Amino acid sequence: FWPEGFYTIVMVGMFAVASFAFKQPIAVALAIAAIIGALVSGNGVPIDHLIEGSFGYLDTILIIFCAMIFMKTVQHIGLMESVAAWMIRKFRVLPFRLTMGITVLLMLPGMITGSSSAAVLTAGAIVTPALLKLGVPPVKAAAAIALAAIYGMIAPPINIPAMIIGGGIDMPYVGFGIPLLICTVPLAIFSGMLLIFPSLKLSAASGAGIPDDLDAELTRMARVPLTPRLMLPFFVLIILLGGERLFPAVAPSLGMPLSFLLAAASGLLVGRQWNPYEAATEAIHAALPVAGILVGVGMFIEIMTLTGVRGFFVVSALALPAWLLYVGIATSLPIFGAVSAYGSATVLGVPFLLALLGSDEIVVGAALSLIAGLGDLMPPTALAGLFAAQVVGVQNYFTVLKAC
């Protein structure tokens, strides 16, 4: 246990004190915990390690920034609202299809940005008025939005917890698509059917047309007609990302950040008039907290490696009996994820993956990322759940948590 166990207690304890007692942002709390851990272990303040760690997730940070710019572009040109309005009018009397369509729409921003908060604040805010007017109770609407946002964060193509876990053992983010779909799609269908479908079915069975207030809301949302031309940014993104994978010998390897930026630039040719600078500024502001967490996580992991804490976690996980290992995964990952799903994937996901190296690493990494993602529902931070409650107008978050 000594001295690595002691360093573990100091670093994790300092992180908890800084984030909860002193109300520091998660990124700052991680950096403080890293510095204190280095000092206690006798390494002083290793500037070189801290800087190297802060750049450890630079690729992921670039993807998040550029993906968020793409999502803000799609929002500003009116595509998201137009799709939602078309879907509700088209499938008003087909509740199953409408439920599945709304669930996919709620997941989409998370799938592209890797952030559940982004999904709640974009698609969640767009869909909420229609859900409430269609008779979905506010608590169930908030729960459906929060869960769909988390499933989107875990679904391909962008899954940041899986990237972090894979990066911890130098495993490239390749081959995760099918396992992540298996992890998320059945859960998304189940959640939608449980939380949204009954109310939509009841509304459709009533035989009434679209209420006047909902009709006015849909008219407002569909100010920009939904045409194939309006969907140009998505077509460009699919070609850029899909072409590189399907035709690697012919298609140029642009990388995800540049692909997202080029697809966003195509939004200048379609939709309503919008300000690219304003959209990009909103995107950077929205992505900064997530990027900051990744910088702090990188520093934290670097110092964990320097002091032997990372190895201590791995050895401790390997020493657990099989049944206790799975209990630890099921409980500690979501609980630690209450601070940050990314931090949970870093501090606990990597050791758990190393403890299960005899299994298919990609499948295990995908599953661990899903369990870590549930941290976005856990109080006190509960980013996805709290944002969903605020968007819908539910005062007591714990009623939303109970529904989830």
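Here we summarise the structure given alongside this text. Just so you know, these numbers come straight off a predicted model, no measurement behind them. (Residues numbered from 1 in each chain as written. Predicted model: local features only at pLDDT ≥ 70, side-chain atom pairs only at ≥ 80, totals over all residues. Heavy atoms only, no water.)

1. Focus on the overall build of the protein
In terms of helices and strands, the protein carries 21 helices and zero strands. Each principal axis of the C-alpha distribution contributes one length, and for the protein these read about 70 × 45 × 40 Å. When the 404 residues of the protein are sorted by exposure, 53% land in the buried category. Relative to all contacts within the protein whose residues are 6 or more apart in sequence, the contacts with residues 24 or more apart total 78%. Just so you have it, the protein exposes about 17,200 Å², and 72% of that area is on carbon and sulfur atoms. Computing the positive centroid from 16 side-chain charges and the negative centroid from 17, the protein places the two 17 Å apart. (Helix = DSSP H or I, 4+ residues; strand = E, 2+ residues; numbered from the N terminus. Buried < 20%, exposed > 50% of the residue type's maximum accessible area, 1.4 Å probe, protein only. Contact = heavy atoms within 4.5 Å. Areas by Shrake-Rupley, 256 points an atom, 1.4 Å probe, with all protein chains shown as cover. Lys, Arg positive; Asp, Glu negative; His and termini not counted. Charge placed at Lys NZ, Arg CZ, Asp CG, Glu CD.)

2. Focus: the pattern of salt bridges
If you walk through the whole model with that rule in mind, you get six salt bridges. Salt-bridge contacts for lysine 72 lead to glutamate 282; the nearest nitrogen and oxygen are separated by 3.8 Å. Highlighted residues: lysine 72 in helix H4 (residues 58-76) and glutamate 282 in helix H15 (residues 276-307), separated in sequence by 210 residues. One salt bridge connects glutamate 81 with arginine 220, and the closest N-O pair in it is separated by 3.4 Å. Highlighted residues: glutamate 81 in helix H5 (residues 79-90) and arginine 220 in helix H12 (residues 212-221), separated in sequence by 139 residues. What makes glutamate 81 buried here is its relative accessible area of 13%. Overall, arginine 220 belongs to the partly exposed group, its relative accessible area being 35%. (Salt bridge = Lys/Arg side-chain N within 4 Å of Asp/Glu carboxyl O.)

3. With respect to the nonpolar core
Ranked by size, the top nonpolar core spans 137 residues in total, and within it Phe70, Ile102 and Phe260 carry the most contacts. Excluding residues within four positions of it along the chain, phenylalanine 260 makes contact with Ile63, Cys66, Ala67, Phe70, Ile112, Ile158 and Leu237. (Core = buried A, V, L, I, M, F, W, Y, C linked by side-chain atoms within 4.5 Å.)

4. Regarding a nonpolar patch on the surface
Taken together, the side chains of Leu39, Val45, Ile47, Ile51, Phe55, Leu58 and Leu62 make up a nonpolar region of the molecular surface, amounting to roughly 630 Å² of accessible area. Where the nonpolar patch is concerned, the elements lending two or more residues are helix H3 (47-54) and H4. One can find valine 45 in the loop between helix H2 (26-40) and H3. Assessed through its relative accessible area of 43%, valine 45 is described here as partly exposed. (Patch = residues over 30% accessible without salt bridge, like charges linked within 9 Å, V, L, I, M, F, W, Y side chains within 5 Å.)

5. Digging into the layout of surface pockets
Taken as a whole, the second largest pocket spans an internal volume of roughly 450 Å³. Taken together, 23 residues make up the lining of the second largest pocket; nearest its centre are Ser117, Pro289, Val290, Leu383 and Phe387. Sorting the residues of the lining of the second largest pocket by element identifies H2, H4, helix H7 (116-133), H15, helix H18 (341-355) and helix H20 (383-392) as the ones contributing at least two each. No other element matches H7, which puts five residues into the lining of the second largest pocket. Of the residues assigned to the lining of the second largest pocket, the class counts are 16 nonpolar, five polar and two charged. (1 Å grid on protein atoms, 1.4 Å probe; cavity = no way out; pocket = protein on both sides within 12 Å on 5 of 7 lines; lining within 4 Å. Points joined across faces, edges and corners; volume = space filled by probe spheres on them. Nonpolar A, V, L, I, M, F, W, Y, C, P; charged D, E, K, R; others polar.)

6. Notes on the packing of aromatic side chains
In the structure shown here, the tally under the stated rule is eight aromatic pairs. Taken together, a centroid distance of 6.4 Å and an interplanar angle of 55° make the contact between phenylalanine 15 and phenylalanine 300 tilted. Here phenylalanine 15 is found in helix H1 (residues 4-21), whereas its partner phenylalanine 300 is found in helix H15, with 285 residues between them in sequence. Neither phenylalanine 15 nor phenylalanine 300 differs from the other in exposure class; each is buried. Through a chain of ring-to-ring contacts, the aromatic side chains of Phe15, Phe300 and Phe336 assemble into a single cluster. (Phe/Tyr/Trp six-rings, centres within 6.5 Å; stacked < 30°, edge-to-face > 60°.)

Nothing here speaks to function; it is all geometry.
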